[in-house]
Every structure is written in structure tokens, then in C-alpha cells.
Amino acid sequence: MYPPIYPPVLSRQSTGSLIVETTTDPAIGPLRPLPGIQITVKERQATGERIVAQLVTNANGQTPVIQLPAPPSELTEEPQTTETPFSPYIIEAQGENVIPTQINGTQIFSTIRSIQPIRLTPSEAPIPVVASRQDVEENIIIGPPTLYGDYPPKIPETSIKNTATPGFIVLPEVVVPEFIIVHAGSPNNNSASNYTVTYRDYIKNVASSEIYPTWPTETIRANVIAIISFTLNRVYTEWYRNKGKNFTITNSTAFDHAFFFGRDIFDTISEQVDQIFDIYCKRPGVEQPLLTQYCDGAKVSCPNWMTQWGSKALGDEGRSYDEILRFYYGEDLTFPNAPVVAGVPESYPGTPLRLGDSGPAVRTIQEQLNRISNNYPLIPKVRTSGSFDEATQESVRTFQNIFHLTPDGVVGRDTWYKISEIYVAVSRIAELMP
């Protein structure tokens, strides 16, 4: 597979920004940031590649944020394929005791921050460990967004699956899983690789591949919830497991959603996923999440589904995410929260924790932040007193800054679950799904 070729970048330009984050891979061990990694950012020109930045990661495994040229955001306002609405870059990562990695196609949009994660594999890793992992990549290629590139349209399915068939097994309840196993090909392509990724990373990856990050916030929320509901339907019905497959979902747009292992994530999308990662669409009286199929509405028509460009137009009109989704899927749609399984020691207490609060929930956050601080030393350690003091507030703010949350020092729902997710990632080797 070769990197995609895009039309020349336009002379009229804006800027976006980029931050690169290097860590160990939580799929093969505890999450740990990798400082001192040399990052080279290149752009591809007609005469070859040109270096535009050389950076080094800090104690959090992060580079400084840099500004990069990007086409004007107007190119994401209407369907078109003649002008590229983003600038593609090449990112190279090198360091001691890790396998050098190259990312081809990191996408920079006007006014948007791109977060490029790079999971580096130790060069001294035992051969059986590396050989057994199907997601080891040293040359990662990111394809164009589905709104811009040429992808197969979704093959229609029933939105509510008949799970009463003899031998069909479903989960006891709808849950947010810890991991998603993505099959990089059509369901019957047995030679394609499987990638094991955390659930939220999967949703962020798909949303960053399927919609533009410059769109209205409520449009982004509506599309993210549609992606979540579709995904949780696959999880709840064990759709592919019931067909004898060893994965949760595919990256074929004919069957599921676009997914590019190792792609960059956009800040506007990441923020929304962290807030609404467990919300899905449901019909009254039906247990399973709605299989919320959609299409772009420009290259492909789908009268009974949401269209992405149509959702963008409704967002421009000021419609909320629930109004957008009900417009397409029906007024009877509800939006419950799925419980989170594996990796969350305690459920969110129900109200935000802030300066002056006290109790067991505050102590839990303090204990988890202190454990995370062992791997991310810029997060200040705090006394596990159960009292939300100024030191705890500062520790929370630092955590929020590192993991791209609003740095308000308040442990709301999104921060609570993000702390729990990172706590699990740094404190134990993930137990992968079989």
C-alpha cells in the first residue's frame, strides 16, 4: 500500500496545528510516555520531501505544538473533491531502543489541532511478542477522509438485529467495552490484520476519518453518537463473533466504518468523544442499540438514514445533536448511557468533584492521579486525604492539559472516566480479548 497522492496545495492558505505524542503500546504493556524521541515533520513536494520541523518529545512524550500551513476551512463547508481540504504531512519518529516509525498522511485542517499519537515498539522486544502482534507497523499510511476519498458505500442492513435465531448469542446488557478488535479488511478477508485498540481511541479514529473537524459542535456530536450506537450494536450482538470471526468490527466502509491504524485525531472530535463516549441511540422497548447507518448524502444517497452533509446543514441552522438524530431516525429515539466495563474501578459519583469537596470519590481520584504520576512525572503528586484541595486541583489541571481535556481543575464525567482509563493503562498489562 502506497501513500495517497493529493492535488497540489492551494496558494490561498490558513494554518492548523500539530502535536505529536509518543508512548509505549498499551496493547503489549503498561502505558508509558517516551521522552527524548526525535520527531521529523516533512511535506511532500513535486521535487521530493522537505523537512518543515524537527522536534524532541518532553517528559510526557509530547512535542511542542507547531503551526503548519493548511487550506482554508471553506473547503470543508461544501461537498467537493477537486481541491484537498487539508494538508498531508509525513511524521518520522526515532529514538533509542525503539523501532523507527513513519506516518504517511497526517492531516492538518485549518484552525484545528491535530494530535498524532505514535505507539512505539521496543527494538529489544522478544520476537514471539512482536510476531504475535498483528498491529505492529513501522510505516503507517493514513488514507483520506471518507468525505473526500473514494470508498465503497455501506451495504444496507436491518437497523435492529433479530437475535432470537437459535444459537445466536448476545451480551447480557449493552456495555462500553475496554477494547475493540478491528479487522483491516472485509469480513471474509482472512489474511487481513486485526488491530486491538481501546474503545475511545477507536471512536475518535473513526470520527476523524468520517467527518470534518471544522463542522459545528452539535453536528460532530450527532455523528459521534451515530458511530457509537453502530459500534455498540456490533458489540452487544457479537455480530462477527456469531459468524465465527475473531474480531469486533471491520474497517470496510461497505460493512462498517473507516478506520486507519495510527492516524491523527482532531481536538474538536477528541473533546466530544471524551464527553459522550457512552451515549447511544435506542428505540423504545428494544434492548439493543440502533444500528445507525448513514451516508455522505452527496456521492451516495440514502433516504432512510442520516446523511453527513445533511447533518452539517442542520448544525449550521443551530439544531442540537438530539434534534439532528431524531430528524433522521425518528422522534421516538432515546439516548441512554451504557455502563462501562473492565478498567473503571468505580462509577462516576454523579456530580462533578471540585475545590472544597471531600469524600471517598475524591480519595479515589487522588490515588489514581498519584499512580499516573509515576509514568507522567509532570503531574504533581498529592496527599490522599479525601479533601479536594488546591494541590489536587492543580494535579487535575495538569492531567487535563496532557490528555486534551478542558483544563478547569474540575473532575466532571469526562475527566473522571479519562483518569480511570489512563490509570488502568499505566498500572497493568491490558488483558486482550481472545
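Everything numeric here is computed off the predicted structure, so don't read it as measured data. Per chain, residue numbering runs from 1 following the sequence as it is written. Confidence filtering applies because this is a predicted model: local features only for residues at pLDDT of at least 70, side-chain atom pairs given and counted only at 80 or more, and all residues used for totals across whole chains, interfaces and linings. To get the side-chain values, all heavy atoms of the structure are used, and hydrogens and water are removed first.

Novice: Before we move on, can you summarise the overall build of the chain with the specific residues and values?
Specialist: The numbering of helices and of strands both runs from the N terminus, where a helix is a DSSP run of H or I of at least 4 residues and a strand a run of E of at least 2. Along the chain, the regular secondary structure elements total 9 helices and 14 strands. Relative to the compact-globule value of 22 Å for 434 residues, the chain shows a C-alpha radius of gyration of 21 Å, a close match. Principal axes of the C-alpha set define a box for the chain whose edges measure 60 × 55 × 50 Å. Here's how the labels work: a residue is buried when its accessible area is under 20% of the maximum for its type, exposed when over 50%, partly exposed in between, all with a 1.4 Å probe on protein chains only. In the chain, buried positions account for 56% of the 434 residues. Contacts spanning at least 24 positions in sequence make up 71% of the contacts within the chain whose residues lie at least 6 apart. C-alpha atoms define the radius of gyration, and 2.2 Å times the number of residues to the power 0.38 defines the globule rule. Should any heavy atoms of two residues lie within 4.5 Å, those residues are counted as being in contact.

Novice: Pulling in residues and values, what's your account of the sheet that holds strand S7 (residues 113–120)?
Specialist: The strands that make up a sheet are held in pairs by hydrogen bonds between backbone atoms, and each pair lies either parallel or antiparallel. Note: two strands are recorded as paired if DSSP finds a minimum of 2 bridges between them. Across the sheet, which stays open at both edges, the 4 strands sit in the order S4-S1-S7-S12 with mixed pairing between neighbours. Each having just a single partner strand, strand S4 (66–70) and strand S12 (265–266) make up the two edges of the open sheet. With 8 bridges joining them, strand S1 (residues 14–24) and S7 adopt parallel strand pairing. The partner of Val-20 across the bridge, within S7, is Gln-116.

Novice: Lay out the packing of helix H7 (residues 360–375) against helix H9 (residues 413–427) in plain terms, naming residues and giving numbers.
Specialist: Orientation is described by lines fitted to C-alpha atoms, with helices fitted over the stretch in contact, and by angles between N-to-C directions that extend from 0 to 180 degrees. Interaxial distance between H7 and H9 falls to 9 Å at its minimum, and their mutual angle equals 45°. Judged on the interaxial angle alone, H9 and H7 are oblique. Of the two elements, H7 crosses H9, and the hand of that crossing is left-handed. Within the contact between the two elements, H7 uses Ala-361, Thr-364, Ile-365, Gln-368, Leu-369, Arg-371, Ile-372 and Asn-375 and H9 uses Trp-416, Ile-419, Ser-420, Ile-422, Tyr-423, Val-426 and Ser-427. Under the convention adopted here, Pro, Cys and the residues Ala, Val, Leu, Ile, Met, Phe, Trp and Tyr are nonpolar, Asp, Glu, Lys and Arg are charged, and Gly plus all remaining residues are polar. For the contact of H7 with H9, a count of residues per class yields 9 nonpolar, 5 polar and 1 charged. What sets the label is the angle itself: under 35 degrees gives roughly parallel, over 145 gives roughly antiparallel, 65 to 115 gives roughly perpendicular, and the rest give oblique. For a crossing to be left-handed, the near helix must be turned anticlockwise from the far one by less than a right angle; the clockwise case is right-handed.

Novice: Account for the pattern of salt bridges, with residues named and values stated.
Specialist: By convention in these notes, a salt bridge is any Lys or Arg side-chain nitrogen within 4 Å of a carboxyl oxygen on Asp or Glu. Inspection of the entire model under this criterion finds 20 salt bridges. Because the salt bridges share partners, they merge into one network encompassing Lys-154, Glu-157, Lys-161, Arg-234 and Asp-256.

Novice: Residues and numbers for unusual backbone geometry, please.
Specialist: The phi dihedral of Asn-97 falls on the positive side, at around 65°, and the residue is not glycine. Among the secondary structure elements, Asn-97 is positioned in the loop between strand S5 (87–94) and strand S6 (101–108). Here His-404, not a glycine, exhibits a phi torsion of approximately 65°, which is positive.

Novice: Can you explain the side chain of Thr-231? Please cite residues and give values.
Specialist: Positionally, Thr-231 belongs in helix H3 (residues 217–237). Among the residues examined, Thr-231 registers a relative accessible area of 0% and is labelled buried. When residues no more than four places from it in sequence are discounted, the contact partners of Thr-231 are Ile-180, Tyr-199, Tyr-202, Ile-203, Ile-249 and His-257.

Novice: Account for the state of the cysteines, with residues named and values stated.
Specialist: The disulfide definition used here is simple: a pair of cysteine sulfur atoms within 2.5 Å. With the rule as written, the count across this model stands at 1 disulfide. What pairs with Cys-295 in a disulfide is Cys-302, and their sulfur atoms sit 1.9 Å apart. Linking Cys-295 and Cys-302, the disulfide has an S-S dihedral of approximately -85° and is accordingly described as left-handed. When its relative accessible area of 8% is taken as the criterion, Cys-302 is described as buried. We note that Cys-281 lacks a disulfide partner, and the nearest cysteine sulfur, in Cys-302, lies 15 Å from it. Here Cys-281 falls in the buried class, since its relative accessible area comes to 0%.

Novice: Tell me about the sheet that holds strand S10 (residues 194–198), residues and numbers included.
Specialist: Ordered by their spatial adjacency, 3 strands build an open sheet running S10-S9-S11, and the pairing between neighbours is mixed. Looking at which strands have only one partner, the edges of the open sheet turn out to be S10 and strand S11 (249–250). Direction of pairing for strand S9 (residues 179–183) relative to S11: parallel, over a ladder of 2 bridges. Residue pairing across strands places Val-182 opposite Ile-249, the latter belonging to S11.

Novice: Requested: an account of the side chain of Gln-62, with residues and values cited.
Specialist: Residue position: Gln-62 is located in the loop between strand S3 (48–56) and S4. Of the polar contacts made by the side chain of Gln-62, one reaches the backbone oxygen of Ile-402; its length is 2.9 Å. For Gln-62, the residues in contact, after removing those within four places along its chain, are Ile-19, Val-20, Glu-21, Val-56, Thr-57, Ile-402 and His-404. Here a polar contact means two N or O atoms within 3.5 Å. Within protein one must be a hydrogen donor candidate and the other an acceptor candidate, and residues neighboring in sequence count only if both atoms are side-chain atoms.

Novice: Which residues make up the nonpolar core, and what are the values?
Specialist: Take the buried residues of types Ala, Val, Leu, Ile, Met, Phe, Trp, Tyr and Cys, join any two whose side-chain atoms come within 4.5 Å, and each joined set is a nonpolar core. Residues Ile-39, Val-41, Tyr-202, Leu-325 and Phe-399 are the most contacted members of the largest nonpolar core, which totals 101 residues. For this core, the element with the most residues is H3, which contributes 11 residues. Apart from the residues within four sequence positions on either side, Ile-39 is in contact with Val-20, Thr-22, Ala-53, Gln-54, Leu-55, Thr-57, Thr-63, Ile-91, Glu-92, Ala-93 and Ile-118.

Novice: Residues and numbers for the pairing of S10, please.
Specialist: Strand residues, when the strand is regular, have side chains that alternate between the two faces of the sheet. Judged by how many residues are buried, S10 sits mostly within the fold: 5 of 5 residues are covered. Inspection of the sheet shows S9 paired to S10 by 5 bridges, in the antiparallel sense. Bridge pairing in S10 places Ile-181 opposite Thr-196.

Novice: I'd like to hear about the confidence of the model for the chain, residue by residue, with values.
Specialist: A residue-level look at the chain finds 90% of positions with pLDDT of 70 or above and a mean pLDDT of 89. The predictor's confidence in any single residue is recorded as pLDDT, a number from 0 to 100. Predicted confidence is poor over residues 127–136, with pLDDT under 50, and the contacts of this stretch with residues over four places away or in other chains come to 17 contacts. Per-residue pLDDT stays below 50 along residues 429–434; that stretch engages in 14 contacts with residues further than four places along the chain or on separate chains.

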